[in-house]
Amino acid sequence: MTRQPPPRNSPHNDDDDDDDDDIPIDRWEPTTATGDDIEQKNTMSENGSNDNNDDENEVKRQASELIQRQRKSVDTLTHIRNCIDSLPSDELKQRLSLPDGKIIIDNFLKDPNLVDELRAETISLYENSKLATLELGSGEYGGAITGGESYVDSPRCVEFVVSLTKHLPSHVSEELNDGASEGRALTFHRSARESALALLLGGDAAVMEGEEEESATRAFEFVNSSDDDVRMVSVVYYLVPESWDESCGGGLTFQEEGEERMLAEAKANRLVVFRSDGCLHRREYWIGKEGIDYGSCIVVHLVKKQG
């Protein structure tokens, strides 16, 4: 998949980034077919471009790897599409037709290995410095999920965003664009948070962390707070360990009528879908706990059709 130049930049009040820069909406289109690459390599061999057995074996090895990667990609895209198609479409459309509509879907993906791969990729993005600090002292790091040259950094994450963008809109609203979205990865590192707190606040990190947890909360906000922001439906997919619980943080608190609030906890393999322009929500700080150093999620903003 390749990331094409965005049709426009949209102002944002992003729910996983505190900077004020415009974030482009990504158009997802297929790249050159793997079969074409393989045919080109085979043609090179037949034309004598590789005139010894070592070169010919290398071409065959590369062709085999291309086929394996293509099959893996197709399997991943197909699995995610099947999981989307198994969702309760009528309930999704009904709930998300409301200005403050939201729905929580547990056990979204049915392949535990794919869930593990997605989580491993979000951690790898952090460890390889592909993500930027979101908020000083939070231990949270984020960055755009893109195709093209960056595809190799997180292929399963890219395929997750592509499949969600292509197939979820038909289950939600005819107003949604099935060829464009904004996808981001967020990874939390507990050790980085503790180190930052100790540096910023001084003293014993564990003690200061406990004091900070009691008082620190974010403000309630909308993902889309501008008339020309095209984001309409937001999706948060949690990639946390099974032992992650409410005390570990990372969830979303939604403001209901009056003073009532609803917490959507961060939970392994949980999908939270809500209206970008109508759900007043607060992102809870990620905290983790002893023995759980990482937590992560994929955030996808589905956008309105233009024109």
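Rules used in this analysis
- Residues numbered from 1 in each chain as written.
- Predicted model: local features only at pLDDT ≥ 70, side-chain atom pairs only at ≥ 80, totals over all residues.
- Heavy atoms only, no water.
- Helix = DSSP H or I, 4+ residues; strand = E, 2+ residues; numbered from the N terminus.
- Buried < 20%, exposed > 50% of the residue type's maximum accessible area, 1.4 Å probe, protein only.
- Phe/Tyr/Trp six-rings, centres within 6.5 Å; stacked < 30°, edge-to-face > 60°.
- Lys NZ or Arg CZ within 6 Å of the ring centre and 35° of its normal.
- pLDDT = per-residue confidence, 0-100.
- Contact = heavy atoms within 4.5 Å.
- Pairing = 2+ DSSP bridges.
- Axes fitted to C-alpha atoms, helices over the stretch in contact; angles between N-to-C directions.

**So, unusual backbone geometry**
Even without being a glycine, S129 presents a positive backbone phi close to 60 degrees. Tracing the sequence through the fold places S129 in the loop between helix 4 (112–127) and strand 6 (132–133). On the basis of relative accessibility, which here comes to 63%, the residue S129 falls in the exposed class. You will see that N269, though not glycine, has its phi angle at about 65 degrees, which is positive. On the secondary structure map, N269 appears in the loop between strand 11 (261–264) and strand 12 (271–275). N269 sits in the buried class, given a relative accessible area of 9%.

**Some thoughts on the packing of aromatic side chains**
Summed over all chains, the structure comprises 10 aromatic pairs. With a centroid separation of 5.9 Å and 70 degrees between ring planes, the pair formed by F108 and Y237 is classed as edge-to-face. Taken together, the positions of F108 in the loop between strand 5 (102–105) and helix 4 and Y237 in strand 9 (residues 231–239) put the pair 129 residues apart, joining distant regions of the chain. Each member of the pair, F108 as well as Y237, is classed as buried. Ring centres 6.0 Å apart and planes at 65 degrees place the aromatic pair Y126 and Y294 in the edge-to-face group. Taken together, the residues span a long stretch of sequence, with Y126 in helix 4 and Y294 in strand 14 (residues 294–304) at a distance of 168 residues. There is no split in this pair, since Y126 and Y294 are both buried. What links up through ring pairs into an aromatic cluster is the set F188, Y238, W244 and W286. Between R218 and the ring centre of Y285, over which it is positioned, the NZ or CZ distance is 4.0 Å.

**Examining the confidence of the model for the protein chain**
With 79% of its residues at a pLDDT of 70 or more, the protein chain has an overall mean of 85. Overall, residues 1–21 carries pLDDT values under 50, and its contacts beyond four positions in sequence, including any with other chains, amount to 83 contacts.

**Looking at the sheet that holds strand 10 (residues 252–255)**
The strand order across the open sheet built from 3 strands is 11-10-13, with neighbouring strands paired in antiparallel fashion. Either end of the sheet is taken by a strand with one partner, and the two such strands are strand 11 and strand 13 (281–283). Ignoring which end each strand starts from, the neighbouring axes of this sheet average 20 degrees apart. Sheet topology note: the strand 10/strand 13 ladder contains 3 bridges and is antiparallel. Within strand 13, the residue paired with T253 across the bridge is R282.

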